[in-house]
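A look at the structure
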Amino acid sequence: MARGPLAFQLWISVCLLLFFRARCFYLPGVAPQDFQNGDPLNPKVNKVTSTKTQLPYSYYSLPYCRPEHIVDSAENLGEVLRGDRIENSPYEFKMREPQMCNVVCHVTLNAKTAKEFKEKIDDEYRVNMILDNLPLVVPVPRPDQENSFVYQHGFHVGLRGQYAGNKDEKHFINNHLTFTVKYHKDPMTESARIVGFEVKPFSVKHEYEGEWSKKTRLTTCDPHAKRTVTSSESPQEVEDKKEIIFTYDVEFQESDVKWASRWDTYLLMADDQIHWFSIVNSLMIVLFLSGMVAMIMLRTLYRDISKYNQLETQEEAQEETGWKLVHGDVFRPPSNSDLLCVYVGTGVQFFGMILVTMLFAVLGFLSPSNRGGLMTVMLLLWVFMGLFAGYSSARLYKMFKGTEWKKITLKTAFMFPATVFAIFFVLNALIWGEKSSGAVPFGTMFALVFLWFGISVPLIFVGAYVGFRKPAIEDPVKTNKIPRQVPEQAWYMNPAFSILIGGILPFGAVFIELFFILTSIWLHQFYYIFGFLFIVFIILIITCAEITIVLCYFQLCSEDYLWWWRSYLTSGSSALYLFLYAAFYFFTKLDIKKPVSGALYFGYMLIASYSFFVLTGTIGFYACFWFTRLIYSSVKID
């Protein structure tokens with residue numbers, strides 16, 4: 001008998017380990033690549049990005065050095081939607097063979113190319129590169145800790161500055177790159193694995209003697225004289241008719257970091273202690289509030305049910321009071337019941353997508369190393385969860401005595417996706433107008449429409465057909481033919497007031513985590529603590545359910561039986577606070593000036609808030625639905 005508790009404790013330990021350590025291990029079956037001395041390495045270029053514009057561009061949209069043939073890497077759906085454009089580069093590395101002052105190319109700017117570089121420098125664009133699936137980072141010393149670094153993704157295209165004694169601001173380009181490739185050596189085979197890819201960018205005005213040719217030796221950077229580029233060199237100015245020589249160094253450093261842990265250093269956050277403390281603090285507060293609410297509700301309800309049943313057994317002819325008084329109207333179908341069925345079905349679809357995505361992420365399948373995997377999985381899960389959306393909306397529709405199940409199914413299949421797609425299409429048109437690589441190509445747009453019409457819609461119909469064929473859900477009490485009048489309510493029970501109050505606690509459950517999620521999305525940082533995010537998601541479910549049940553109970557006690565829509569809107573109103581917080585974050589944390597970039601931010605946050613409304617509203621609705629059926633089936637009704 002001792003094996004049972006022991007196995008349970010072991011299972012709990014494994015689960016906790018996965019929750020708190022699920023960061024960055026790789027997909028099963030993904031093998032590391034071993035390199036021997038002299039093996040060619042193929043660094044690739046990715047998009048150039050800016051937190052000021054949120055508009056990514058292809059690396060070769062700028063007049064950088066190009067290889068003889070530009071080859072695009074195969075990309076998944078998530079990478080395309082993120083605007084990733086991964087292509088080969090003119091840089092050539094060989095494993096554990098250092099290089100100094102390699103000349104990539106010689107470029108003479110004209111008015112157009114100089115303007116392009118200046119615009120990207122003004123908007124603080126960063127160049128992203130990849131080596132062996134690791135992103136290029138710039139190590140920045142942490143002021144609070146010695147020998148510790150924060151890694152910024154990509155290096156700046158350039159910078160603005162002034163010459164000594166001159167007030168005119170100039171643009172300077174980073175045209176010399178000192179790459180550092182960190183590797184972990186296997187002492188048995190002498191092979192090595194890449195565990196780090198760093199760079200130090202420099203702006204240097206290269207000098208040489210005579211006419212330029214491929215064999216020209218630079219005087220500012222000479223491998224034969226062991227002269228390297230330093231930060232004291234004269235910077236390279238960006239102006240019309242200026243010539244720029246792009247060069248690079250490659251250094252190799254042996255590292256103790258093993259290949260399986262190489263992402264850990266990339267995922268360290270500058271304020272990780274604050275992050276962990278804030279999440280734990282938030283969880284404790286929400287858990288305490290949830291416990292208090294549950295205890296109060298259980299004691300109050302137990303007293304109510306005992307009192308009502310005792311009156312019936314003693315056959316005391318007293319007038320019914322409280323929530324029992326409205327038993328003949330509490331299950332009366334609401335107004336706009338079709339729309340409620342559609343939103344509930346869509347919410348179930350969203351809930352299933354989020355839940356399964358969270359489970360995959362916690363188990364490490366959607367780590368940052370699997371580039372674009374998170375978005376791809378979410379899209380595919382949304383499509384296949386249409387089966388449950390159709391089933392849920394049809395079951396509720398039949399309970400409301402509906403007969404036209406095909407009509408409700410079409411609404412479920414098109415209402416929410418069409419709204420989101422319309423906003424997405426307008427935003428994509430704006431991105432297209434800016435000639436950004438973030439614009440979704442026509443082929444990908446067609447693939448999205450195919451997933452919607454070809455898979456999601458049929459699955460919603462299949463689910464609705466199965467759900468409608470099931471016997472209708474029976475109410476625990478009979479509904480009167482004539483609806484009773486709802487008495488005048490106190491000011492604090494006003495629908496608008498109680499709905500707005502109800503959304504505060506669910507928003508509070510995700511408030512701290514929301515800051516880090518927005519930072520990872522809009523400030524281009526990795527988000528990796530999916531274990532804590534999953535716990536926050538569970539807390540969100542609990543708080544949505546409990547606050548809706550409490551307010552529904554107060555509503556029924558005040559003889560207001562119109563709970564259907566209010567239960568959905570009570571927890572769903574947390575989406576309003578989410579959008580308001582997104583606006584606050586925009587004005588306090590971001591430095592976005594362009595109208596198109598602002599439209600992108602608020603457009604995407606509107607989609608996120610709408611999705612959050614559907615998700616939390618459905619959780620609150622089903623909690624209240626279960627609660628009302630439970631209490632009215634627990635008392636004796638004549």
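What you see is a predicted model, and the numbers here were worked out from it, not measured in a lab.

**Here we look at the overall build of the chain**
Within the chain, the regular secondary structure consists of 15 helices and 15 strands. Buried positions account for 50% of the 638 residues belonging to the chain. Across the chain, every contact between residues at least 6 apart in sequence was considered, and the portion connecting residues at least 24 apart equals 80%. Counting every atom, the chain has about 31800 Å² of accessible surface; 62% of that belongs to carbon and sulfur.

**Quick notes on the layout of surface pockets**
Taken as a whole, the second largest pocket spans an internal volume of roughly 460 Å³. Lining the second largest pocket we find 22 residues, and of these S89, P90, Y91, E92 and Y248 sit closest to its centre. Sorting the residues of the lining of the second largest pocket by element identifies β1 (40–41), β4 (93–94) and β5 (99–108) as the ones contributing at least two each. Tallying contributions element by element places β5 first for the lining of the second largest pocket, with five residues.

**Structural notes on the pattern of salt bridges**
Following the criterion strictly, the structure yields 13 salt bridges and no others. Linked through salt bridges whose partners overlap, the residues forming this network are K52, D591 and K593.

**Points about helix α6 (residues 373–384)**
With twelve residues, α6 should cover 16 Å at 1.5 Å per step; its first-to-last C-alpha distance of 17 Å lies within 8% of that length. Taken as a whole, α6 has its buried residues at G373, T376, L381, W382 and V383. Close packing links the buried residues of α6 with α2 (77–82), α5 (337–362), α7 (386–399), α8 (405–433) and α9 (442–469).

**Topic: the side chain of S89**
Summarising the element assignment, S89 is placed in the loop between β3 (87–88) and β4. Residue S89 is classed as buried on the basis of its relative accessible area, which comes to 10%. A distance of 2.7 Å separates the side chain of S89 from the backbone oxygen of P43, its partner in a polar contact. Of note is the side chain of S89, whose polar atom sits 3.3 Å from the backbone nitrogen of Y91. Those residues in contact with S89 that lie beyond four places of it in its chain are P43, K44, V45, Y60 and P67.

**Some details on the state of the cysteines**
Summed over all chains, the structure comprises two disulfides. The disulfide partner of C65 is C105, and the gap between their sulfur atoms is 1.7 Å. An S-S torsion of about -70° defines the bridge between C65 and C105 as left-handed. Pair noted here: C65 is in the loop between β2 (44–49) and α2 and C105 is in strand β5, with a separation of 40 residues, a long-range link. Across this residue pair, the class does not change: C65 and C105 are buried. A sulfur-sulfur separation of 2.0 Å characterises the disulfide bridge that pairs C101 with C221. On the criterion of sequence distance, the pair formed by C101 in strand β5 and C221 in the loop between β14 (192–202) and β15 (243–254) is long-range, its members being 120 residues apart. Residues C101 and C221 agree in their burial class; the two are buried.

**Description of the nonpolar core**
Formed by 88 residues in total, the largest nonpolar core has its most connected members in W563 and W564. A total of 16 residues in this core trace back to one element, the largest contributor, which is helix α15 (residues 595–632). Listed in part, the 52 residues of the second largest apolar core include L41, L62, I173 and L600.

**Focus: the confidence of the model for the chain**
Taken over all residues, the pLDDT of the chain has a mean of 83, while the share at 70 or more is 87%. Low pLDDT, under 50, characterises residues 1–29; the predicted model gives this stretch 33 contacts beyond four residues in sequence or across chains.

**What to know about the packing of aromatic side chains**
One pass over the full model with this rule turns up 54 aromatic pairs. Between Y64 and F117, the aromatic rings sit 5.4 Å apart at their centres with planes inclined by 75°, giving edge-to-face as the arrangement. Of the two residues, Y64 is situated in the loop between β2 and α2 and F117 in helix α3 (residues 111–122); the sequence distance between them amounts to 53 residues. Just as Y64 is buried, F117 falls in that class too. Each ring, one from F421 and one from W452, has its centre 5.8 Å from the other, and the planes form 50°; the classification is tilted. Here F421 is found in helix α8, whereas its partner W452 is found in helix α9, with 31 residues between them in sequence. Following the ring pairs from residue to residue traces out a cluster consisting of Y343, F350, W382, F416, W565, Y568, Y610 and F613. When the ring centre of F468 is taken as reference, the NZ or CZ atom of K398 above it lies at 5.3 Å.

**Quick word on the environment of R193**
On the secondary structure map, R193 appears in strand β14. On a C-alpha basis, the gap between R193 and F35 in space is 6.2 Å, while along the polypeptide they are 158 residues apart.

**A few points about the side chain of S58**
For S58, the location among the structural elements is in the loop between β2 and α2. With residues near it in sequence (within four places) discarded, S58 still touches V48, E87 and S437.

**Re unusual backbone geometry**
With a phi angle near 70°, K241 is a residue other than glycine that sits in the positive phi range. The exposure class assigned to K241 is exposed, which follows from its relative accessible area of 67%. The backbone of N336 shows a phi angle near 55°, a positive value even though the residue is not glycine. Topologically, N336 is positioned in the loop between α4 (272–313) and α5.

**Topic: the packing of helix α11 (residues 504–522) against helix α14 (residues 574–589)**
Two quantities define a packed helix pair, namely the angle between the helix axes and the distance between the axes. Between α11 and α14, the shortest axis-to-axis distance is 10 Å and the interhelical angle comes to 35°. Where α11 crosses over α14, the handedness of that crossing is right-handed. Here I504, P506, F507, F511, L514, F515, L518 and T519 of α11 lie close against α14, whose contacting residues are S574, Y577, L578, Y581, Y585 and K589.

**Regarding the packing of α11 against helix α12 (residues 530–557)**
Where α11 meets α12, the axes come as close as 7 Å, and the angle between the chain directions of the two elements is 160°. What the angle tells us is that α11 and α12 run roughly antiparallel. Helix-helix and strand crossings are classified by hand; for α11 and α12 the assignment is left-handed. Of α12, the residues touching α11 (which contributes L505, P506, A509, V510, E513 and I517) are L533, V536, I539, L540, T543, C544 and I547.

Procedures and definitions
- Residues numbered from 1 in each chain as written.
- Predicted model: local features only at pLDDT ≥ 70, side-chain atom pairs only at ≥ 80, totals over all residues.
- Heavy atoms only, no water.
- Helix = DSSP H or I, 4+ residues; strand = E, 2+ residues; numbered from the N terminus.
- Buried < 20%, exposed > 50% of the residue type's maximum accessible area, 1.4 Å probe, protein only.
- Contact = heavy atoms within 4.5 Å.
- Areas by Shrake-Rupley, 256 points an atom, 1.4 Å probe, with all protein chains shown as cover.
- 1 Å grid on protein atoms, 1.4 Å probe; cavity = no way out; pocket = protein on both sides within 12 Å on 5 of 7 lines; lining within 4 Å.
- Points joined across faces, edges and corners; volume = space filled by probe spheres on them.
- Salt bridge = Lys/Arg side-chain N within 4 Å of Asp/Glu carboxyl O.
- Expected span 1.5 Å × (residues − 1).
- Polar contact = N/O pair within 3.5 Å; in protein donor to acceptor, adjacent residues only side chain to side chain.
- Disulfide = S-S within 2.5 Å.
- Core = buried A, V, L, I, M, F, W, Y, C linked by side-chain atoms within 4.5 Å.
- pLDDT = per-residue confidence, 0-100.
- Phe/Tyr/Trp six-rings, centres within 6.5 Å; stacked < 30°, edge-to-face > 60°.
- Lys NZ or Arg CZ within 6 Å of the ring centre and 35° of its normal.
- Axes fitted to C-alpha atoms, helices over the stretch in contact; angles between N-to-C directions.
- Left-handed = near helix turned anticlockwise from the far one by under 90°.
- Parallel < 35°, antiparallel > 145°, perpendicular 65-115°, else oblique.

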